[in-house]
Amino acid sequence: MLKEQFQYWLKIKGYSEYTPKGLPSTVYDYPKRIEYIIWYEKLKSWQDVVININRLLKEYDENGIKSEIGKKSHSAVINALRRFNEFCIETNQLI
């Protein structure tokens, strides 16, 4: 459910659904990056990302212990975490 809410939030914030060539863009890519984090961190759910968002941001951001992963694909991983954090703040997901 959080994944779909995040995708909808990205859409209403003006992020692209598709590239000019018709390929899936940011609205679909960022949730995939969050799912990668869930897998990589061995988390159980999107809610676990919410609970751990501050730690994850610190670790995947510049100078963090996982910054190389954060920089993948033109920094798509850390940018996805940043946008997910904004989503959580705006929609009162944070505990």
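Residues numbered from 1 in each chain as written. Predicted model: local features only at pLDDT ≥ 70, side-chain atom pairs only at ≥ 80, totals over all residues. Heavy atoms only, no water.

Draft legend 1. Geometry of unusual backbone geometry. Positive phi outside glycine occurs at Asn-63, with the angle close to 70 degrees. Checked against the element boundaries, Asn-63 lands in the loop between α3 (46-60) and α4 (67-70). Assessed through its relative accessible area of 74%, Asn-63 is described here as exposed. A positive phi angle is found at His-74, which is not glycine, with a value near 60 degrees. In this structure, His-74 sits in helix α5 (residues 72-90). Of the residues examined, His-74 reaches a relative accessible area of 80% and is grouped as exposed. (Helix = DSSP H or I, 4+ residues; strand = E, 2+ residues; numbered from the N terminus. Buried < 20%, exposed > 50% of the residue type's maximum accessible area, 1.4 Å probe, protein only.)

Draft legend 2. Highlighting the pattern of salt bridges. Tallying each qualifying case throughout the model produces 11 salt bridges. The salt bridge partner of Lys-71 is Glu-68, with a shortest N-O separation of 3.6 Å. Under the relative-accessibility criterion, Lys-71 is labelled partly exposed at 43%. Linking Glu-86 and Arg-83 is a salt bridge whose minimum nitrogen-to-oxygen distance equals 2.9 Å. (Salt bridge = Lys/Arg side-chain N within 4 Å of Asp/Glu carboxyl O.)

Draft legend 3. Structural detail: the nonpolar core. The biggest cluster of nonpolar side chains holds 25 residues, and the ones touching the most others in it are Phe-6, Ile-34, Val-49, Tyr-60, Leu-81 and Phe-84. Those elements that place two or more of their residues in this core are α1 (2-12), α2 (26-40), α3 and α5. Phe-6 has contacts with Tyr-30, Pro-31, Ile-34, Trp-46, Ala-80, Arg-83, Phe-84 and Phe-87, leaving out every residue within four places of it along the chain. (Core = buried A, V, L, I, M, F, W, Y, C linked by side-chain atoms within 4.5 Å. Contact = heavy atoms within 4.5 Å.)

In short, geometric facts, not functional conclusions.
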